[in-house]
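Notes for the structure review
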Amino acid sequence: DVKVTQSSRYLVKRTGEKVFLECVQDMDHENMFWYRQDPGLGLRLIYFSYDVKMKEKGDIPEGYSVSREKKERFSLILESASTNQTSMYLCASRSGGLTEAFFGQGTRLTVV
Amino acid sequence: SQQGEEDPQALSIQEGENATMNCSYKTSINNLQWYRQNSGRGLVHLILIRSNEREKHSGRLRVTLDTSKKSSSLLITASRAADTASYFCATDQKAQKLVFGQGTRLTINP
């Protein structure tokens, strides 16, 4: 069974902290994505990566950075967490071409 | 933003009825996909329709795509309580960028 695993289901961090959200996939997929989901706004793309060490900005990259040192792992970094980054974060992966994406279970991050 | 727009934002119907959700988008696409999300969980892929296809079926799901109008619809026939979820369309854009809409929240009443 295919699997995308996010390191935490729930996370509470303080304003100004550096936060790491980790995502691991076991399907040897080239492409990985980070989205945030907020009520009424749907899923918004933060960053995606199409290969190791390669990344592209999505629609809302401000305040975030990413790292992909290994094919199976894609990390989202909040350099200095702020309360407006309180949200559900979803990681996804897929192979190249016109394929379906597989999602992790989500990380609900609260910044206080 | 290049997000798609789903319509309606929320839909409530009786069990056994059909549910129709619509999606409009702005850019040219390679394909369009529909996903389902149960409350507070990750998304699950339902169906993919390529830009050169007009209609696709999978079980109780029927998807149509009209690239001239930049729109798609998802029909769920003979709805069940277990179909209660949020449904999202996603457009496959250039360079593997997968962009989601805002979703339709579907409630099936027993």
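Let us look at the structure shown here.

Scoring rules and cut-offs
- Residues numbered from 1 in each chain as written.
- Chains lettered and ligands numbered in written order.
- Predicted model: local features only at pLDDT ≥ 70, side-chain atom pairs only at ≥ 80, totals over all residues.
- Heavy atoms only, no water.
- Helix = DSSP H or I, 4+ residues; strand = E, 2+ residues; numbered from the N terminus.
- Rg over C-alpha atoms; globule rule 2.2 N^0.38 Å.
- Buried < 20%, exposed > 50% of the residue type's maximum accessible area, 1.4 Å probe, protein only.
- Contact = heavy atoms within 4.5 Å.
- Areas by Shrake-Rupley, 256 points an atom, 1.4 Å probe, with all protein chains shown as cover.
- Lys, Arg positive; Asp, Glu negative; His and termini not counted.
- Charge placed at Lys NZ, Arg CZ, Asp CG, Glu CD.
- Disulfide = S-S within 2.5 Å.
- Buried area = accessible area lost by both parts, 1.4 Å probe.
- Salt bridge = Lys/Arg side-chain N within 4 Å of Asp/Glu carboxyl O.
- Polar contact = N/O pair within 3.5 Å; in protein donor to acceptor, adjacent residues only side chain to side chain.
- Nonpolar A, V, L, I, M, F, W, Y, C, P; charged D, E, K, R; others polar.

Bringing the overall build of chain B into the picture now. When its secondary structure is counted, chain B shows zero helices and 11 strands. Start at the N end of chain B and walk to the C end: the helices and strands fall as β-β-β-β-β-β-β-β-β-β-β. For 110 residues, the compact-globule formula gives about 13 Å, and the C-alpha radius of gyration of chain B, at 13 Å, lands near that figure. Projected onto its principal axes, the C-alpha coordinates of chain B cover approximately 40 × 30 × 20 Å. Within chain B, the proportion of its 110 residues that are buried is 47%. Within chain B, residue pairs in contact and separated by at least 24 positions form 54% of the contacts whose partners lie at least 6 positions apart. In the form shown here, chain B has an accessible surface area of approximately 5,100 Å², with 44% of it arising from carbon and sulfur atoms. In chain B, the 14 positive side-chain charges and the 10 negative ones have mean positions that sit 6 Å from each other.

All names here are of chain A. Summed over the entire model, instances satisfying the criterion amount to two disulfides over all chains. Each sulfur in the disulfide pair Cys23 and Cys91 lies 1.9 Å from the other. Its S-S torsion of approximately -80 degrees makes the covalent link between Cys23 and Cys91 left-handed. One end of the pair, Cys23, is in strand E3 (residues 19–25); the other, Cys91, is in strand E9 (residues 87–94), with 68 residues separating them in the sequence.

Bringing the interface of chain B and chain A into the picture now. Taken residue by residue, the interface counts 23 residues in chain B and 26 residues in chain A. Both faces combined, the contact of chain B with chain A buries some 2,000 Å², and carbon together with sulfur accounts for 49% of it. Across the chain B-chain A interface, the total number found is two salt bridges. Between Asp59(A) and Lys97(B) there is a salt bridge, with the nearest N and O atoms lying 3.5 Å from each other. The interface formed by chain B and chain A holds five residue pairs in polar contact (both at pLDDT 80 or more) in total. Elements supplying a minimum of two residues to the side of chain B that touches chain A: strand E4 (31–37), strand E5 (43–50), strand E9 (85–92) and strand E10 (98–100) of chain B. For the side of chain B that touches chain A, the class distribution of residues is eight nonpolar, 11 polar and four charged.

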